[in-house]
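The primary structure of each chain is shown beneath.
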Amino acid sequence: KGDWRPLITLVRLPSLNALHCPQSADKECTLQGTGLYLLDSVSPDPQFQQSTPVPDGYAGSALTVPHPSGQQLYVKLRDDRSTINRLDLPVLPEP
């Protein structure tokens, strides 16, 4: 007897396929995938000082994001904005 307690947090995940970046670190990259509307924001740093927000209802399959420092980007999911997730995708040259 008593109050209900949450057992888990259920979040929906996008499918992120590729990260294409120019050689110049001051230019933005293109993140490709499906379900990008499930992302809240993307950042090259875990403090989200240079984050790029994803618009509500975004229906595209490619998103312009900041150039990562190294191989890592950080994302916040729309279903759980309090958690910072590290995204490890290989940085590919622009097609």
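Residues numbered from 1 in each chain as written. Predicted model: local features only at pLDDT ≥ 70, side-chain atom pairs only at ≥ 80, totals over all residues. Heavy atoms only, no water.

*Asks:* Sorry, what's going on with the sheet that holds strand β1 (residues 15–21) here?
*Replies:* The strands making up a sheet associate through backbone hydrogen bonding, with each pair oriented either parallel or antiparallel. Pairing in this open sheet of four strands is mixed, and the strands run β5-β2-β1-β8 from one edge to the other. The outermost strands of the open sheet, each flanked by one partner alone, are β5 (62–65) and β8 (91–93). The average angle at which neighbouring strand axes cross in this sheet is 35°, direction not considered. (Pairing = 2+ DSSP bridges. Helix = DSSP H or I, 4+ residues; strand = E, 2+ residues; numbered from the N terminus. Axes fitted to C-alpha atoms, helices over the stretch in contact; angles between N-to-C directions.)

*Asks:* Just to check I follow, could you spell out the state of the cysteines for this structure?
*Replies:* Two cysteines, two sulfur atoms, one covalent bond between them: this is a disulfide. Scanning the model with the defined rule gives one disulfide in all. Disulfide pairing is shown between Cys21 and Cys29; the S-S distance is 2.0 Å. Here Cys21 and Cys29 share a disulfide; its torsion about the S-S bond, 115°, makes the bridge right-handed. The same class applies to Cys21 and to Cys29, which are both buried. (Disulfide = S-S within 2.5 Å. Buried < 20%, exposed > 50% of the residue type's maximum accessible area, 1.4 Å probe, protein only.)

*Asks:* Just to check I follow, could you spell out the sheet that holds strand β6 (residues 72–77) for this structure?
*Replies:* Judged by pairing direction, the sheet is antiparallel, and its four strands sit side by side in the order β4-β3-β6-β7 without closing on themselves. The sheet terminates laterally at β4 (52–53) and β7 (80–88), the two strands that pair on one side only. Direction of pairing for strand β3 (residues 39–43) relative to β6: antiparallel, over a ladder of four bridges. Within β6, the position partnered with Leu39 by the bridge is Leu77.

*Asks:* Before we go on, may I ask you to explain the pattern of salt bridges in this structure?
*Replies:* Two side chains carrying opposite charge are able to pair once their charged atoms lie near each other. Per the stated rule, a full pass over the model turns up four salt bridges. Arg81 is the partner of Asp40 in a salt bridge, and the nearest nitrogen-oxygen pair spans 2.8 Å. Of this pair, Asp40 sits in strand β3 while Arg81 sits in strand β7; the two residues are 41 residues apart in sequence, bridging distant segments of the chain. Judged by its relative accessible area of 44%, Arg81 falls in the partly exposed class. Across the pair Asp56 and Arg78 runs a salt bridge whose closest N-O atoms are separated by 2.7 Å. Pair noted here: Asp56 is in the loop between β4 and β5 and Arg78 is in the loop between β6 and β7, with a separation of 22 residues, a long-range link. Assessed through its relative accessible area of 17%, Arg78 is described here as buried. (Salt bridge = Lys/Arg side-chain N within 4 Å of Asp/Glu carboxyl O.)

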